[in-house]
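Breakdown of the fold
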Amino acid sequence: MCCRNPYRVDLGEDELTRLAGEMDVWEVVEERAAMVLMRQADDACVLLSDDLRCSAYEVRPKGCRDYPFRLEVEEGRPPKVERDLACPGFVGPPMTESEYEDLVASLATRS
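Residues numbered from 1 in each chain as written. Predicted model: local features only at pLDDT ≥ 70, side-chain atom pairs only at ≥ 80, totals over all residues. Heavy atoms only, no water.

1. Description of the overall build of the protein
- Assigned secondary structure in the protein consists of three helices and four strands.
- The order of helices and strands in the protein, counted from the N terminus, is α-β-β-α-β-β-α.
- When burial is assessed residue by residue, the protein has 26% of its 111 residues classed as buried.
- Pairs at least 24 apart in sequence give 51% of the contacts found in the protein among residues at least 6 apart.
- For the protein, the accessible area works out to roughly 7,900 Å², and carbon and sulfur atoms hold 52% of it. (Helix = DSSP H or I, 4+ residues; strand = E, 2+ residues; numbered from the N terminus. Buried < 20%, exposed > 50% of the residue type's maximum accessible area, 1.4 Å probe, protein only. Contact = heavy atoms within 4.5 Å. Areas by Shrake-Rupley, 256 points an atom, 1.4 Å probe, with all protein chains shown as cover.)

So, in structure tokens, the structure goes:
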């Protein structure tokens with residue numbers, strides 16, 4: 001679902017290198033001096049192919065691998081995981097505190 005919704009994916013230098021062979025997939029957002037994954041005219045992800053599969057699945061950006069979770073880091077505060085509540089994949093009981101801490105740790109260490 002995230003590939004077909006207006007969901008912002010910030011890109012790091014390593015992600016641009018991995019995706020360089022795919023196409024022009026990024027644009028610069030001036031007000032934040034950020035590089036973000038481009039969107040198609042219908043707001044679908046630029047990497048989404050006609051068969052609704054990711055054309056760069058093996059090298060997809062960290063934001064795509066982590067979706068629907070996002071690590072929020074603010075100076076002076078502990079890291080916090082946020083999730084896109086619109087994602088239809090959430091079913092079952094909520095996470096325990098231990099599971100949440102493990103998720104924060106795994107998102108913080110992924111590259």
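More follows now that the structure is in view.
2. Quick look at the environment of L47
- Within the element layout of this structure, L47 appears in the loop between strand 2 (34-37) and helix 2 (62-66).
- Here L47 falls in the buried class, since its relative accessible area comes to 2%.
- Distance from L47 to C3, taken between C-alpha atoms, is 8.2 Å for residues 44 residues apart in sequence.

3. Some points on a negative patch on the surface
- A cluster of like negative charges, contributed by E97, E99, E101 and D102, occupies part of the molecular surface.
- Residue position: E99 is located in helix 3 (residues 97-109).
- Residue class for E99 comes out partly exposed when judged on its relative accessible area of 43%. (Patch = residues over 30% accessible without salt bridge, like charges linked within 9 Å, V, L, I, M, F, W, Y side chains within 5 Å. Salt bridge = Lys/Arg side-chain N within 4 Å of Asp/Glu carboxyl O. Lys, Arg positive; Asp, Glu negative; His and termini not counted. Charge placed at Lys NZ, Arg CZ, Asp CG, Glu CD.)

4. Thoughts on the packing of aromatic side chains
- Within this structure, the stated rule accounts for zero aromatic pairs.
- Sitting over the ring of Y57, R60 keeps its end group 3.8 Å from the ring centre. (Phe/Tyr/Trp six-rings, centres within 6.5 Å; stacked < 30°, edge-to-face > 60°. Lys NZ or Arg CZ within 6 Å of the ring centre and 35° of its normal.)

5. Quick word on unusual backbone geometry
- The omega torsion across Y67 and P68 is 15°, close enough to zero to call that bond cis.
- When you line up the elements, P68 lands in the loop between helix 2 and strand 3 (69-72).
- Unlike most non-glycine residues, L52 shows phi in positive territory, near 65°.
- With respect to the helices and strands, L52 occurs in the loop between strand 2 and helix 2.
- Residue L52 is classed as exposed on the basis of its relative accessible area of 52%.

The analysis is restricted to geometry; functional conclusions fall outside its scope.
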